[in-house]
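Structural characterization, general
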Amino acid sequence: MTHSYRITLLPGDGIGPEIMAVAVDVLKVVGEQLDLRFEFQEALIGGAAIDAVGEPLPADTLEMCRNSDAVLLAAIGGYKWDSLPRHLRPETGLLGLRAGLSLFANLRPATILPQLIDASSLKREVVEGVDIMVVRELTGGIYFGRPRGVFTTETGEKRGVNTMAYTEAEIDRIGRVAFETAQKRGKRLCSVDKANVLEVSQLWRDRITQLGSEYPDVELSHLYVDNAAMQLLRAPKQFDTIVTGNLFGDILSDAAAMLTGSIGMLPSASLGDKNPGVFEPVHGSAPDIAGQDKANPLAQVLSAAMMLRYGLNQPTAAQRIEQAVLQVLDSGDRTGDIMSEGMNLLGCRAMGDSLIRALERS
Ligand code: IPM
Ligand code: MG
């Protein structure tokens, strides 16, 4: 039976369109091979949307995303829009998309591939075998808490304010996703907070601890965020699944990404209860190399694989893509960010062609 899926593509800014083109080609080939029909529709987000229609998340983009089976996003942002007022920045579009679709759970895997161990800035024995899943809360915490803004005090001085807040319900729902994720992996969950200083973190720790009693098969531990950052670099193999709030997750997921050699390799999935998920690379729009055919499309391609697995429940198709990525790396093909001696340096498009050949062989 043919399955049909409506996929909203959000190529965004910088290298976004280049890496998206590769992912779409890959999806088309896998679709043909496995009898999946993808109906792609493209929409504007980020700087591209600001330039075209004057706002980073046009209402029809959000509507299109809501009415699709999954959303594949590339990257947003660039120097060009950095000095605009906050409501007109590309990042505001991305945050609006996450909030608008209630995508409270962000899964960011950091797995070190044997082929890329030497691309890591850490020693081989430290990173070999690393396989971490960061579960980041995505629609709450200091990113969304109120009050926020820059206010003028009675003395006329300006004062910037953001609020880190979590309700019990917000903690519980991300906690459940994290425990269930851990159950499917190594059954170890480390919750990261700053409970030694922050009340919001104490509530976080108390709720996660309480939830833990419902998941006796998962070994739960807690770390303060500063220690967690240190442990990620010192001995990353101690981690299986990590759950944390929005800001700590933003920071720790970049750190975890770097263990694997390049942030250019890492996909992510943002999931909610009812709306379609958004699948996007962890990396940004890399405006410095945009349009030069230098970008690594693999995080985007692996995000398409996550979309197949978590968004469309097509694990076989996901696996096919992941296998193709491994084969291409085995063959020695590399983009600049993961290049090492003796390997074969390719541009973004050529890397895509190599993936297609690998898929066609499989
Ligand atoms: C990420 C990014 C975003 C975030 C930015 C672009 C708003 O850093 O997805 O990690 O902070 O969440
Ligand atoms: Mg980030």
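Treat the numbers as computed from the prediction; the structure is a model and nothing was measured.

What counts and what doesn't
Residues numbered from 1 in each chain as written. Chains lettered and ligands numbered in written order. Predicted model: local features only at pLDDT ≥ 70, side-chain atom pairs only at ≥ 80, totals over all residues. Heavy atoms only, no water. Axes fitted to C-alpha atoms, helices over the stretch in contact; angles between N-to-C directions. Helix = DSSP H or I, 4+ residues; strand = E, 2+ residues; numbered from the N terminus. Parallel < 35°, antiparallel > 145°, perpendicular 65-115°, else oblique. Left-handed = near helix turned anticlockwise from the far one by under 90°. Contact = heavy atoms within 4.5 Å. Nonpolar A, V, L, I, M, F, W, Y, C, P; charged D, E, K, R; others polar. Buried < 20%, exposed > 50% of the residue type's maximum accessible area, 1.4 Å probe, protein only. Pairing = 2+ DSSP bridges. UniProt positions renumbered as here; feature names shortened; annotations may be inferred. 1 Å grid on protein atoms, 1.4 Å probe; cavity = no way out; pocket = protein on both sides within 12 Å on 5 of 7 lines; lining within 4 Å. Near = heavy atom within 4 Å. Polar contact = N/O pair within 3.5 Å; in protein donor to acceptor, adjacent residues only side chain to side chain. Areas by Shrake-Rupley, 256 points an atom, 1.4 Å probe, with all protein chains shown as cover. Domains from an automatic or database assignment.

Considering the packing of helix 1 (residues 16–34) against helix 11 (residues 315–330)
Orientation of helix 1 relative to helix 11, taken along the N-to-C sense of each, is 130 degrees, at an axis distance of 10 Å. Between helix 1 and helix 11, the crossing angle belongs to the class labelled oblique. As helix 1 packs across helix 11, the resulting crossing turns out to be right-handed. Within the contact between the two elements, helix 1 uses Val26, Leu27, Val30, Gln33 and Leu34 and helix 11 uses Thr316, Ala317, Arg320 and Ile321. Taken together, the residues of the contact of helix 1 with helix 11 break down into 6 nonpolar, 2 polar and 1 charged.

Regarding the pairing of strand 10 (residues 241–244)
Going residue by residue along strand 10, you find Thr241 and Val243 tucked away on one face and Ile242 and Thr244 tucked away on the opposite face as well. Where strand 5 (residues 131–137) meets strand 10, 4 bridges bridge the pair, whose relative direction is parallel. Looking across to strand 10, one finds that Arg136 is bridged to Thr244. Sheet topology note: the strand 8 (residues 188–193)/strand 10 ladder contains 4 bridges and is parallel. Among the inter-strand pairings, Val192 is bridged to a residue of strand 10, identified as Thr244.

Thoughts on the UniProt feature "binding site: substrate" (unreviewed entry) in the protein chain
Under the feature "binding site: substrate" (unreviewed entry), the UniProt entry names Arg98, Arg108, Arg136 and Asp226. For the annotated residues, spread through 129 residues, the largest C-alpha to C-alpha distance comes to 26.5 Å, inconsistent with a single compact locus. Lining the second largest pocket, from the set of annotated residues above, are Arg98, Arg108 and Arg136. Here Arg136 shows up in strand 5. Since its relative accessible area comes to 1%, Arg136 is described here as buried. When neighbours within four sequence positions are excluded, Arg136 is seen to be in contact with Arg98, Phe104, Ala105, Asn106, Arg108, Tyr143, Ile174, Thr244, Gly245, Asn246, Gly249 and Asp250.

Considerations on the site of ligand 1
Around ligand 1, a shell composed of Glu91, Leu94, Arg98, Arg108, Arg136, Tyr143 and Asp250 is seen. A distance of 2.7 Å separates an oxygen atom of ligand 1 from a polar side-chain atom of Arg98. The contact in question runs from an oxygen atom of ligand 1 to an N or O atom on the side chain of Asp250, over 2.9 Å. With the chains in place, 77% of the 320 Å² that ligand 1 exposes on its own is no longer accessible. By residue number, the principal contributor to the shell around ligand 1 is helix 4 (residues 90–100), which donates 3 residues. Residues of the shell around ligand 1, tallied by class, amount to 2 nonpolar, no polar and 5 charged. Among the domains, domain 1 (1–104 + 272–362) and domain 2 (105–262) are the pair contributing at least three residues each to the shell around ligand 1.

A word on the pairing of strand 7 (residues 158–163)
Summarising the sheet, strand 6 (residues 145–152) and strand 7 pair through 5 bridges and their orientation is antiparallel. Pairing of Thr152 across the sheet is with Lys158, part of strand 7. Between the antiparallel neighbours strand 6 and strand 7 lie 5 residues, among them Gly156 with a positive phi of about 90 degrees.

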